Amino acid sequence: MDLEAKFADAQARVKSLKSTPSNENLLVLYGFYKQATAGDATGKRPGMIDFKGRAKFDAWSMLKGMTKERAMEDYVALVDRLMAG
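These remarks concern the structure in this document. (Residues numbered from 1 in each chain as written. Predicted model: local features only at pLDDT ≥ 70, side-chain atom pairs only at ≥ 80, totals over all residues. Heavy atoms only, no water.)

**A look at the pattern of salt bridges**
Side-chain pairs of opposite charge can arise where the charged atoms are in close proximity.
Working step 1: Enumeration according to the criterion identifies 5 salt bridges in this entry.
Working step 2: Residue Arg-70 pairs with Asp-74 through a salt bridge whose shortest N-O separation is 3.0 Å. Here Asp-74 and Arg-70 lie together in helix H4 (residues 68-84), a separation of 4 residues that amounts to about one turn.
Working step 3: On the accessibility criterion, Asp-74 (18% relative accessible area) is buried. (Salt bridge = Lys/Arg side-chain N within 4 Å of Asp/Glu carboxyl O. Helix = DSSP H or I, 4+ residues; strand = E, 2+ residues; numbered from the N terminus. Buried < 20%, exposed > 50% of the residue type's maximum accessible area, 1.4 Å probe, protein only.)

In structure tokens, the structure reads:
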């Protein structure tokens with residue numbers, strides 16, 4: 001299975017987790033997903049009142065410079081760990 005297929009499979013599997021991942025893991029997953037699909041973070045950082053948007057933007061922007069392939073690999077690896085419990 002090529003990397004793109006593994007990434008797509010991981011996206012489907014993460015939706016079937018028995019319990020919701022921690023907020024920290026959700027943010028890490030979001031960051032890897034955005035880096036893999038959109039590249040480096042763009043736009044302005046959300047304001048102080050948008051806690052969720054700001055946290056998501058920060059999780060994504062921390063991965064600046066990471067390749068699409070590496071982000072996909074790390075996303076798949078994290079989903080595998082979450083599935084294993």
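From this point, the discussion proceeds with the structure in view.
**Some remarks on the packing of helix H1 (residues 3-14) against helix H2 (residues 23-38)**
Working step 1: For the pair H1 and H2, the least separation of the axes is 13 Å and the interaxial angle reads 150 degrees. Relative to H2, H1 is oriented roughly antiparallel. Helix-helix and strand crossings are classified by hand; for H1 and H2 the assignment is left-handed. Within the contact between the two elements, H1 uses Phe-7, Gln-11 and Val-14 and H2 uses Leu-29, Tyr-33, Ala-36 and Thr-37. (Axes fitted to C-alpha atoms, helices over the stretch in contact; angles between N-to-C directions. Parallel < 35°, antiparallel > 145°, perpendicular 65-115°, else oblique. Left-handed = near helix turned anticlockwise from the far one by under 90°. Contact = heavy atoms within 4.5 Å.)

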